[in-house]
Amino acid sequence: MVGAPPLTGIKVLEFAGLAPGPFAGMMLADAGATVLRVNRHNDAPQDMLARHKASIAVDLKSAGGIALLKTLLASGGVDVLIDPFRPGVLERLGLGPEPLLQLNPRLVYARITGYRRDGRYAHMAGHDINYIGVSGALSLLGAAGQRPQPPVNILGDFAGGGATLFQGILLALLARATTGRGQVVEANMVDGSSYLATFPRMARATPLADKPRGQNTLDGGCPWYGCYETADALWVTVGALEPQFFAQLVAGLGLAGRGWEDERGDEERWPELAALFTDIFKTKTRAEWEAVFDGTDACVAPVLDYDELRTDPGREGDQRPAVTLRDTPWYAVHDEPGTLADADRGQGKGVEGAGYTPTLLDVGEGGDEVLGAWLGWKRGTHYEDKDGRGITLVNDKAKI
């Protein structure tokens, strides 16, 4: 029997920010946590990463607004706080780790920055491309002789940032189960993306990757590990690294018995072989090549875009949780009205847009319900919004 998602009962206070912090919050929410987002009153509902979240607009410039948050953290049983700001922002509001951990010793105070907090760039503005640039990871990406090419903002913001922060939060919650105490979790996109690049960084000391960018086995230099255009201007991926897989590749391309099985290790002939592959792949459409290679071990598969993944039921485009837990699945993403997803697809009805369109969260949406569930609070009795700048604690109610 399927049980509740694994983080059911965990309460998260997420300060509104861009990309990495909200992504970590969304992962927590997808895994069952209750995530309450703290917005300013004039924030636009621009965050696309708002599945299963609620929002409150708080006046962070007023003593009543700060008192409300401190009361919530002290008395509301909040387990996790997500700080997405540059160093010092929450500290200047009196909401830094030291006072909040005194109020709530079980709190996991999770904060994320782009650059290292103790590095030379700590007080500079930046974005994903800057962070992966100084981490070294960007130097590995791009074609030979061309400029480095960032993988949009997947590597820094989301893999090295939000997903790494999510892991740190889980580790801190696990440690708390033993120690009974929360702690500060520090994540930054420089260290996160650098850690993700552990294998290719180490491989630079081996024949696998000891040449300049774009000339190695896994970065575009090897003919049987790369992408090729087809006759209909679509693309296929080729990853036939092992000899037995390479043999099936050349057989499917009509090149069996021409000596390439034995000559593929001759790097001086790689340009010749790459040109041959390029010409042959352009003789058939992508669908025709799928008909040749599907079901084989040639390591050939199509490059699919999200438009066709969303609309073609024969593709694996139904968006699923990042990981499958057989007994306590995450919430489903893909929506199939009237059905209950199995463990692979998560549990519940999924979300509008099936993971392809944003889940926009209006400022203040669902916040009253969460405050009622966490503390039994009611608007007008325990908190109020007198001037439209965000809620504050009612002066004589619910004080710390």
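Residues numbered from 1 in each chain as written. Predicted model: local features only at pLDDT ≥ 70, side-chain atom pairs only at ≥ 80, totals over all residues. Heavy atoms only, no water.

Undergrad: Could you give an account of the overall build of the protein, naming the residues involved and the relevant values?
TA: A count of helices and strands for the protein gives 14 helices and 11 strands. In the protein, which comprises 400 residues, the share counted as buried stands at 43%. Taking the contacts inside the protein whose residues are at least 6 apart along the sequence as the reference set, 62% of them involve residues at least 24 apart. Accessible surface, the protein: about 20300 Å² in total, of which carbon and sulfur atoms supply 53%. In the protein, 39 positive and 51 negative side-chain charges are present, and the distance between their average locations comes to 9 Å. (Helix = DSSP H or I, 4+ residues; strand = E, 2+ residues; numbered from the N terminus. Buried < 20%, exposed > 50% of the residue type's maximum accessible area, 1.4 Å probe, protein only. Contact = heavy atoms within 4.5 Å. Areas by Shrake-Rupley, 256 points an atom, 1.4 Å probe, with all protein chains shown as cover. Lys, Arg positive; Asp, Glu negative; His and termini not counted. Charge placed at Lys NZ, Arg CZ, Asp CG, Glu CD.)

Undergrad: Please provide a residue-by-residue account of unusual backbone geometry, values included.
TA: Located in the positive-phi region is Val152, a residue other than glycine, with phi close to 40°. Here Val152 shows up in the loop between helix H5 (128-135) and helix H6 (154-179). Positioned with a positive phi, Ala354 is a non-glycine residue whose angle comes to about 55°.

Undergrad: Mind laying out the pairing of strand S4 (residues 80-83), listing which residues take part and the relevant values?
TA: The side-chain alternation of S4 yields two buried faces, one formed by Val80 and Ile82 and the other by Leu81 and Asp83. Two elements, strand S1 (residues 11-15) and S4, share 3 bridges in a ladder whose sense is parallel. Within the sheet, the bridge partner assigned to Leu13 lies in S4 and is Leu81. Taken together, the 4 bridges between S4 and strand S5 (residues 108-113) define a ladder with parallel strand orientation. Considered in S5, the bridge of Leu81 is made with Tyr109. (Pairing = 2+ DSSP bridges.)

Undergrad: How would you summarise the domain arrangement of the protein if you had to cite specific residues and measurements?
TA: Accessible area lost on assembly of the parts is the figure often given for the size of an interface. Here the protein is partitioned into domain 1 (11-198 + 319-393) and domain 2 (225-298). If you average the C-alpha positions of domain 1 and of domain 2, the two centres end up 43 Å apart. (Domains from an automatic or database assignment.)

Undergrad: Outline helix H2 (residues 63-75), supporting the account with residue identities and numerical values.
TA: Compared with the 18 Å implied by 1.5 Å per residue over 13 residues, the 18 Å span of H2 between its first and last C-alpha is a close match. Among the residues of H2, those classed as buried are Gly65, Ile66, Leu68, Leu69, Thr71, Leu72 and Leu73. (Expected span 1.5 Å × (residues − 1).)

Undergrad: Outline helix H14 (residues 367-375), supporting the account with residue identities and numerical values.
TA: When we look at burial in H14, the residues that qualify are Gly367, Val370, Leu371 and Trp374. Seen from one end, H14 has its buried residues packed into an arc of 100°, which puts them on one side. Away from its buried face, by an angle of more than 90 degrees, H14 presents the exposed residues Glu369 and Ala373. Buried residues along H14 sit in contact with S1, strand S2 (34-39), strand S3 (53-57), H2 and strand S10 (383-384). (Arc of directions from axis to C-beta.)

Undergrad: Give a description of the state of the cysteines that names residues and reports values.
TA: Note on terminology: a disulfide is the covalent bond linking the sulfur atoms of two cysteines. For the structure shown, the criterion picks out 0 disulfides. With no disulfide partner, Cys222 has as its closest neighbouring cysteine sulfur the one in Cys299, 12 Å distant. Here Cys222 falls in the buried class, since its relative accessible area comes to 3%. Here Cys227 is not disulfide-linked; the sulfur of Cys222 is the nearest cysteine sulfur, at 13 Å. (Disulfide = S-S within 2.5 Å.)

Undergrad: An account of the packing of aromatic side chains is needed here, citing residue identities and associated values.
TA: A complete count under the given rule lists 13 aromatic pairs for this structure. Plain terms: the ring middles of Phe15 and Phe85 are 6.1 Å apart, the flat faces sit at 65° to each other, and that makes the pair edge-to-face. Separated by 70 residues along the polypeptide, Phe15 in strand S1 and Phe85 in the loop between S4 and helix H3 (89-92) bring together distant segments of the chain. Look at Phe85 and you get partly exposed, because its relative accessible area is 22%. What links up through ring pairs into an aromatic cluster is the set Tyr228, Phe277, Phe281, Trp289 and Phe293. (Phe/Tyr/Trp six-rings, centres within 6.5 Å; stacked < 30°, edge-to-face > 60°.)

Undergrad: Describe the sheet that holds strand S8 (residues 235-239), naming the residues involved and giving the relevant values.
TA: Read across the sheet, 3 strands follow the order S7-S8-S9 without closing on themselves; strand pairing throughout is antiparallel. Because the sheet does not close on itself, it has two edges, and the strands there are strand S7 (225-229) and strand S9 (300-302). When the angles between neighbouring strand axes are averaged without regard to direction, this sheet yields 25°. Summarising the sheet, S7 and S8 pair through 5 bridges and their orientation is antiparallel. Following the sheet pairing, Glu229 is matched in S8 by Trp235. (Axes fitted to C-alpha atoms, helices over the stretch in contact; angles between N-to-C directions.)

Undergrad: Break down the pattern of salt bridges for me, citing the residues and quoting the values.
TA: Applying the stated criterion across every chain, the model contains 23 salt bridges. A salt bridge links Glu14 to Arg37, with the nearest nitrogen and oxygen atoms 2.6 Å apart. Placement of the pair is Glu14 in strand S1 and Arg37 in strand S2, with a sequence separation of 23 residues. For the pair Glu14 and Arg37, one class covers both residues: buried. We note a salt bridge from Arg111 to Glu91, for which the minimum N-O separation is 2.8 Å. (Salt bridge = Lys/Arg side-chain N within 4 Å of Asp/Glu carboxyl O.)

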